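One-letter residues, chain by chain:
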Amino acid sequence: MMASIQNLIADNHFVVFSALKVVVVIFLALLPMVAYAVLAERKISAYIQDRLGPNRVALPLISSIPIIGPFLTKLGFWQPMVDGVKSFLKEDFTPAHVRKVYFWLAPAITLIPAFLTVAVIPFGSTLGNEKMVIADLDVGILYTFGIVSLGVYGIVLAGYAANSKYPFLGGIRSSAQMISYEIAMGLSVIPVFLLVGNLNLSSVIGYQTGLLHILGATMPLPNWLAFKQPLAFLIFWVAAFAETNRLPFDLPESETELVGGYNTEYSSMKFALFFMGEYANMITSSAMMVTLFLGGWTLPFWGLDQPATSIPMGLAHIGIFIGKMLCFMVVFIWVRWMLPRFRYDHLMDLGWRRFIPLTLANILVTAFILWVKR
Amino acid sequence: MIVKRDKLNFWERLYLPAIIGGFKVTLRHFFKKKITMQYPEEKWVVPPGYRGAPYLVKDQEDRTKCVSCQLCEFVCPPKAIRITPPGPAGSPEAGNVEKAPKEFEINMLRCIFCGFCQEVCPEEAIFLMQDYSLTGTSRKEMIYNKEKLLALGGVHQDKIQKWKQKADEAKEQGVKP
Amino acid sequence: MSATPTTETKPAPPAVETIKVKVDGKEIAVPKTMPDPLTGKPVPTTMIQACALATVDVPHYCYHPKLPVVGNCRMCLVEFGTPAMGPDRKPVINPDGTPKIAKSPRPAIACATPISPGMEIYTTTPGVKQMREGVLEFLLINHPLDCPICDQAGECKLQEYSVDYGQATSRFVEEKVHKPKQVDLGPRIVLDDERCILCTRCIRFSKDIAGDDALGIVNRGSYNTLSAYPGKAFDNNYTLNTVDICPVGALTSKDFRFKMRVWFLKETKSVCTSCATGCNIVIGSREEKIYRYEPRENDAVNSCWMCDTGRLNYKWIGSENRLTEVRIGKETTTWTNALKEISGKLANVKAGSVAMVASARQTNEELFLLAKLGKKFNALTDSVPRMQEGDKLLVSADRNPNSNGAKLTGISPAQMGSNLPKIAEGIRNGSIKTLIVFGEDVTKHGIGADLLGKLETLIVSEILPNKTTELAHYILPGCAHAEKRGSFVNGKGRVQRFLKAVEPKGDARPEWEFLHELVYQVTGQNGFASIEGLFNQMAQEVPAFNGVTWAALGDTGVTIQI
């Protein structure tokens, strides 16, 4: 019996472990992270606004454990759980005037691309014999951009399907905004691949090991592309804000003018799917930035920049990756309260007239330097 | 009037001062003392003169001060008050006051806590007290009757006690009050 | 309807000489004499009457236009002047040609001072204002200021004038004189002596109008007290009028006492239904409940008064056991069903086999429609007479409010009630098979339960249940006069209309409304679906009403020839 199972696993090694990775990454890592990202957002927002944020939900047995129980309650640790329950229990209201098929389709189309992107991101080196990436594609970054560009359909569709003015305006805004910034984003990473010479994301990480050398001198900085290509990093970062519709670029939603933007007519779980999509996008954007510019799962000391040889080290790599990602998440959340929303023409101006010329110049300069160094 | 906007200089156009400024403000607030009040456990200290729920009061001699003159019913903007006067029999228990409400109902769902009833009351019999959180599980429960209003209102320490004064004066003059 | 309204049939009063006076600078011509309120003999016009004609309000307590003048409250003090006379007894003329006015050094009470030619009356001078303030302050010295428990609050002259001329605070620091409160003056009146301002209106009314000299003032000075004659109850049939004319809350009605504040009452113009006098009344109601009747001034009918019996005869309207359901036998049904079935039955009856007893408490319009129905079947119709003893003031011997209406519309014969035995006989010998009864209990008037049992069809419209309704095959719940509009003809031939004060109870409907439908279904004659149209149609078809219109009735009615 056991033997037959082992045989089966051995025969279909790739399928079994890919499936396992998908399940673990999506359902045990990404979804809880989305849920707790929402909690983090609520807590950090509250603290910045001199409030306390969620601190009420208590589980019967756990909350009676001394110190830990009350601490978790005060932290709002169980809040995501009841939020989820609430989303399911709320009345799922479909207004009479909507285009039903698209109305139902839109939340799913928003969420799925966000999850698909995770496939090519190496979230660790190795664990045993397994590479910690779901699909180690040679065209990883192309795949990512292909999938990310699908995300706009969900929002545009939501705006269109709702058949009312505010969602419609939100949908139109998001289509223009996301397409514009996708160009800047795409162009900004070209120098990275000029340097790496490969589109595989694992290669990108491999390139970023060791310490930074500038003009032959060793700097006390890791050899991350963020330091080699600061302009590309900055533009990619800003574009990531625009792509995820986060402040200061949340014009598709912009409550002050558009009620709720593209999700005005949504309620209950369908609204929650949009909400989850937004946070999933934030997480994948953070993961992309970590991989492309901050050396992925590596750290330039204690040999942490070499693929793991033992299980604890593999786990440490995963931890490093997640830690770096969380830093970006906090920045995502924090920036929301730092900057006011852009005016739409300023947004377009920044994208088309500043970033695109800058990225093009960056490509030329990088190419020129590489040509000279050759 | 046209407000001329200054042109931003290069430094400002980098957005960096704005970002740093925003970061400073948010960081300062992040570590500030929080002002949230944990409501059901902690309660707000109601300032004097606060207009909470209107209740009826009794005087020191345990007499319902209301004489059912119905001025509050008349003045009440949302028509939340409904008084049933005693009718021809009067109210023998009220003594020389002759009149007391047979029933006095305030629909707390309708009440807007404007305080007109307190202002108009010639007998100082109704006061807007400090209760601000009234709850009930049915509409009927939110219509407070005389007993409930009196129980919630308590005793008013009336300094003048005009009816007692009148009765005493009449007694002194040998007239049945 | 273009007929001109009929005018009063009284002979025109003889022309009265007029004199010109100025009230607050406005010159008006005033009759030199006016009829005395009691005797009707011409007496010199007073300043207060001249002011009333000039629509200038002079505050007063003891003066009442329908009572003798006593001039004891001093509230109506005014300043005045008369044309100055030179030593040659000729008027002194100012340089601009106007007569010089010699202003009187002292004020005069407007209620008892006759006017003279060229007189000028000043009611707005600072002096007058000061005098009113002074008088009011004195009146309030011993007043208990218990407005919160006083029934008069809201219609109290003391309150009204306090707003105009009162002081914000009292200067009186001494102890007030206390007097008896809650004095049981009679079966319908409670007296609060502390509130009394001693205007003596009630005394004058009882003595001079009601003819029952029961009230008087006793004690002296601050201890002046209104009191009934010892051992004599103040119980004549007009006592409640003293409550109306009492300017303060001293006299209150036991019936209305502590029932409802007057400012909540909706006032509807109506007519009393307790006898053929048809006193004009105001119905005070709040939220579909009637609280009181008050007399309404109509010099052609009741002056300012009404009797206690009539005034208290409103409680049955709000009775618990009112008929509120349309019934076929004992089954509750709808108006549509009942009227359809009734008209179906009536379509098949033989002419002459129908009789009708309609009450002389129904309105003219209803009786007119019933008469139409009766004509169709050549029915024997009658009403029930109610003759009792009348009095010399207002109570008529005929206790039906609309006997003349019943006669004029042809429902009742000249001798009311003379057809009732014929109807009873008709039922007994089987020639009458269908009886229509409106608003009467015929079992008390010669058509007993045994006779009613012989009928094939008994259609009854009533307000309250009785023996007849118990036996009825069809019950159509009707309305009290306060729940509908209509008109009565009083004993002297005055057509008076009344308006709707409250909504009918339950399924009850105004009789004229469903009669209009019934008449249409039975005779095919369509009429007016509004009371105005119906009255005007009746005025055209019934000779006695010719030329009268609903609009011309106004608030006080029109007298017709009967």
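Residues numbered from 1 in each chain as written. Chains lettered and ligands numbered in written order. Predicted model: local features only at pLDDT ≥ 70, side-chain atom pairs only at ≥ 80, totals over all residues. Heavy atoms only, no water.

Enquirer: What should I look at first to understand the overall build of chain B in this one?
Expert: Of the regular secondary structure elements, chain B holds six helices and five strands. Taken from N to C terminus, the helices and strands of chain B fall in the order α-α-β-α-β-β-α-β-β-α-α. The globule rule puts the C-alpha radius of gyration for 177 residues at 16 Å, and the 27 Å found for chain B is more than 25% above it. Principal axes of the C-alpha set define a box for chain B whose edges measure 95 × 40 × 30 Å. Burial statistics for chain B: of 177 residues in total, 39% are counted as buried. Summarising the internal contacts of chain B: among those between residues at least 6 apart in sequence, 72% fall at separations of at least 24. Separation between the mean location of the 29 positive side-chain charges and that of the 22 negative ones in chain B comes to 12 Å. (Helix = DSSP H or I, 4+ residues; strand = E, 2+ residues; numbered from the N terminus. Rg over C-alpha atoms; globule rule 2.2 N^0.38 Å. Buried < 20%, exposed > 50% of the residue type's maximum accessible area, 1.4 Å probe, protein only. Contact = heavy atoms within 4.5 Å. Lys, Arg positive; Asp, Glu negative; His and termini not counted. Charge placed at Lys NZ, Arg CZ, Asp CG, Glu CD.)

Enquirer: How should the sheet that holds strand S14 (residues 266–271) of chain C be read in this particular structure?
Expert: Note on sheets: strands pair through backbone hydrogen bonds, and any given pair is parallel or antiparallel. Residues and elements named next belong to chain C. In space, the three strands of this open sheet follow the order S14-S15-S16, with antiparallel pairing throughout. The outermost strands of the open sheet, each flanked by one partner alone, are S14 and strand S16 (289–295). Direction aside, neighbouring strands of the sheet carry axes that sit 30 degrees apart on average. One ladder, built from six bridges, connects S14 with strand S15 (residues 280–286); its direction is antiparallel. Looking at the pairing, valine 271 lines up with asparagine 280 of S15. (Pairing = 2+ DSSP bridges. Axes fitted to C-alpha atoms, helices over the stretch in contact; angles between N-to-C directions.)

Enquirer: Looking at this structure, I do not really get the interface of chain C and chain B. What am I missing?
Expert: How big an interface is tends to be reported as the loss of accessible area on association of its parts. Between chain C and chain B, the contact holds 25 residues from the first and 27 residues from the second. Roughly 2200 Å² is buried in total at the junction of chain C and chain B, and carbon and sulfur atoms are behind 54% of that figure. Among the residues of chain C in contact with chain B, Pro148, His178 and Phe258 of chain C are the three that bury the most area, contributing 30% of the side total. The tally of links between chain C and chain B comes to three salt bridges. The salt bridge involving glutamate 98 of chain B is made with arginine 257 of chain C; its shortest N-O contact spans 3.1 Å. Between the two partners, chain C and chain B, sit eleven residue pairs in polar contact (both at pLDDT 80 or more). (Buried area = accessible area lost by both parts, 1.4 Å probe. Salt bridge = Lys/Arg side-chain N within 4 Å of Asp/Glu carboxyl O. Polar contact = N/O pair within 3.5 Å; in protein donor to acceptor, adjacent residues only side chain to side chain.)

Enquirer: Looking at this structure, how should I read the interface of chain B and chain A?
Expert: With 18 residues of chain B at the contact, the number on the chain A side is 14 residues. Roughly 1500 Å² of surface becomes buried between chain B and chain A when both sides are summed, with 64% attributable to carbon and sulfur atoms. Three residues, Thr26, Phe30 and Lys34 of chain B, lead the burial of chain B against chain A; their summed loss comes to 37% of the area buried on that side. For the pair chain B and chain A, the number of links is one salt bridge.

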